[in-house]
Amino acid sequence: MKHPFLTKAAALVAVILLLLFGLGRIEDIVRDRQFYRSEAARSVAQSLAGPQTLLGPMLHSACVETWEVVTGKGAERRTGEERREFMLTAMPDQLQVRSGAAMQERARGLHKVNAYTLKTHLTARWPTLAGLQPRSTVKGSRMQCGAPILMLAVGDARGIRTARVEVDGQALALKPGTFHPTYTRGLHTPLPEALRARGDGLSASIELELVGTERLAIVPLGGTTDVQLQSSWPHPSFAGRFLPSDRTLNADGFTARWTLSSLATTAQQDVAAGLKLCDGAADAPYAESADTAARGCADSFSVAFVDPVNPYSLSDRATKYGVLFIALTFVAVGMFELMQRLRVHPMQYLLVGSALCSFFLLLVSLSEHLAFGAAYALAASACVLLLGYYASHMLRSARRGLPFGAGIALLYALLYLLLQLEQTALVVGAIALFAVLAAVMVATRRLDWYALSSRRGGGATSAAQPGAGA
């Protein structure tokens, strides 16, 4: 062949394309496993209870206004009746929530799902019940209202374990449902009609034990809302429209507190308008839409009980570095060819790249049974030993194979570091790439690249000049 360098370059391009196809298939496997985990979480939610949202307590009363309407004149004069159905609501002026979430791990096959049992005490105070006084819109109309109802809505009523309510210190019986047209899941207690005309307001307290999975959201319904949440889960993710005003995180769990005023939230208006409840995961980031009502969700804040070492998300991040791994390894092999005047067959490049690809498959499969760190160590160790052994023969010397294996081990260590970092992953990766590029440029600073492309015959692939790399 007249141009062995170009021929080999074309063969290496074909090898890289083949390896990229293999990496793509491995990424598909990781995405499939992520999908199966989501299905497992959905299955647990269907059998236990889903993410929960707390709304209330609040008061409401269904009313009907009727009036007579006269149409026509003379003999065609007709008298009919028209009606207007509406609902009166009274939001608490003060709402205090004290909650503790005990974590429980549920599983479907290999996949684990975080569930929690929430024990919460809600206290609400209405200084006046003027919001439950119906007002006529038509002169001479007749007004009829149902008894006032105290309700508490939740995201999934199957999660309610126990509940107890007291109104002005008197225990009342709770019943399922809310009798609210929008927020139907929850519990309620009917109140005496005489309370509607009270001038001294009302106070209520609810003790609730609630089971849910993965996320908890709360609607700040009070004129002043004070929420305190404690849990033994050390990795909370706060989301929704408001972050905690005060929080403490440690290895034993977290404590978070939200103190909100109705001046800062549209929750009362959203609930009065019947906007749906969102559990926090469905909420778009604040930067995408500052108007929660425009997205059809009532104002809320939430906490997700997330697993920071999700093997599938970490494996997915790792596979994205696969192309970089292959490129850096091929650069290292090419440097040995150039500097040591060796010949490495494209098939050997393919085998080395296949070993690198197998690492990612080993990682995702082992991490389903072991802790991610242990799975990573086993997969990386197996690949480093295999590549070090193979390189000792491919490069015709253990003196060359061992540094090659050490370089691969360094790459795996760097990848693990990048997976653990979040805010600084980009800068660390950029510095590492710059260091590799600088090392290659320094090592090949005296290489005659024209000589490489013009060399013919069965000579060494490398065409380094005498003293190259000195």
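Residues numbered from 1 in each chain as written. Predicted model: local features only at pLDDT ≥ 70, side-chain atom pairs only at ≥ 80, totals over all residues. Heavy atoms only, no water.

Draft legend 1. View of the overall build of the chain. Counting its regular elements, the chain contains nine helices and 17 strands. When the 470 residues of the chain are sorted by exposure, 42% land in the buried category. Sequence separation of at least 24 residues holds for 75% of the intrachain contacts in the chain that already meet a minimum separation of 6. As displayed, the chain offers around 23,700 Å² of accessible surface, 58% of which is attributable to carbon and sulfur atoms. (Helix = DSSP H or I, 4+ residues; strand = E, 2+ residues; numbered from the N terminus. Buried < 20%, exposed > 50% of the residue type's maximum accessible area, 1.4 Å probe, protein only. Contact = heavy atoms within 4.5 Å. Areas by Shrake-Rupley, 256 points an atom, 1.4 Å probe, with all protein chains shown as cover.)

Draft legend 2. Examining the nonpolar core more closely. Counting residues in each nonpolar core, the largest one holds 54 residues, and the members touching the most others are Leu59 and Trp126. With near-sequence residues (within four places) excluded, Trp126 lies in contact with Pro57, Met58, Leu59, Ala90, Met91, Pro92, Asp93, Leu150, Gly201, Leu202 and Ala204. One finds Ala318, Leu350, Phe360 and Phe372 within the second-largest nonpolar core, a separate group that totals 40 residues. (Core = buried A, V, L, I, M, F, W, Y, C linked by side-chain atoms within 4.5 Å.)

Draft legend 3. A look at the sheet that holds strand E3 (residues 94-108). In spatial order, the strands read E8-E7-E11-E4-E3-E13-E16-E15; together these eight strands make up an open sheet with mixed pairing. Looking at the sheet topology across the chains shown, the edges are occupied by strand E8 (170-172) and strand E15 (246-250). Strand-to-strand twist across the sheet, computed as the mean angle between neighbouring axes with direction ignored, equals 15°. Examined bridge by bridge, E15 and strand E16 (residues 253-261) share five bridges and lie antiparallel to one another. Of the residues in E16, the one forming a bridge with Asp246 is Arg257. (Pairing = 2+ DSSP bridges. Axes fitted to C-alpha atoms, helices over the stretch in contact; angles between N-to-C directions.)

Draft legend 4. A look at the side chain of Asn114. By the element assignment, Asn114 lies in strand E4 (residues 111-126). From its side chain, Asn114 meets the backbone oxygen of Phe305 in a polar contact 2.9 Å long. Each residue touching Asn114, except ones within four places of it in the same chain, is listed here: Met103, Gln104, Thr213, Glu214, Trp233, Phe305, Val306 and Asp307. (Polar contact = N/O pair within 3.5 Å; in protein donor to acceptor, adjacent residues only side chain to side chain.)

Draft legend 5. Layout of the side chain of Gln52. Relative to the elements of secondary structure, Gln52 occurs in strand E1 (residues 52-71). With residues near it in sequence (within four places) discarded, Gln52 still touches Tyr116, Val154, Gly155, Asp156, Gly159, Leu210, Val211, Gly212, Arg215, Leu216 and Ala217.

Draft legend 6. Region of the structure containing the state of the cysteines. Under the defined criterion, the tally for this structure stands at one disulfide. Summary of cysteine pairing: Cys357 is not part of a disulfide, and the nearest cysteine sulfur, belonging to Cys383, is at 9.8 Å. Taking the relative accessible area as the measure of exposure, Cys357 reaches 7% and is therefore buried. (Disulfide = S-S within 2.5 Å.)

Draft legend 7. How the structure looks around the environment of Ile26. Examined against the element boundaries, Ile26 turns out to sit in helix H1 (residues 4-47). Taking C-alpha positions, Ile26 is 6.4 Å from Leu361, a pair spaced 335 residues apart along the chain. Discounting residues that sit within four places of it in the chain, Ile26 has contacts with Thr319, Cys357, Phe360 and Leu361.

Draft legend 8. Representation of unusual backbone geometry. Of note, the amide linkage connecting Gly56 to Pro57 takes the cis form, showing an omega dihedral of 5°. Its location among the elements puts Pro57 in strand E1. One non-glycine residue, Phe179, lies in positive phi territory at about 60°. For Phe179, the position within the fold is in the loop between strand E9 (175-176) and strand E10 (186-190).

Draft legend 9. Local environment of the environment of Ser381. Secondary-structure assignment places Ser381 in helix H6 (residues 372-394). Residue class for Ser381 comes out partly exposed when judged on its relative accessible area of 40%. Along the primary structure Ser381 and Ala409 are separated by 28 residues, whereas in three dimensions their C-alpha atoms are 7.8 Å apart.

Draft legend 10. Region of the structure containing helix H7 (residues 398-420). Compared with the 33 Å implied by 1.5 Å per residue over 23 residues, the 33 Å span of H7 between its first and last C-alpha is a close match. Buried within H7 are the following residues: Arg400, Gly401, Phe404, Gly405, Ile408, Leu411, Tyr412, Leu415, Leu418 and Leu419. One side-chain oxygen at the N-terminal end of H7 lies 3.0 Å from the backbone nitrogen of Arg399; it belongs to Ser397. (Expected span 1.5 Å × (residues − 1).)

Draft legend 11. The packing of helix H3 (residues 311-319) against helix H5 (residues 346-366), seen in detail. Axis separation between H3 and H5 bottoms out at 10 Å; the angle between their running directions is 175°. If you check the angle between H3 and H5, you find them roughly antiparallel. On H5, the residues touching Tyr312, Ser315, Ala318 and Thr319 of H3 are Phe360, Leu363 and Val364. Considering only residue class, the contact of H3 with H5 consists of five nonpolar, two polar and no charged. (Parallel < 35°, antiparallel > 145°, perpendicular 65-115°, else oblique. Nonpolar A, V, L, I, M, F, W, Y, C, P; charged D, E, K, R; others polar.)

Scope: geometric values only; no functional claims are made or implied.
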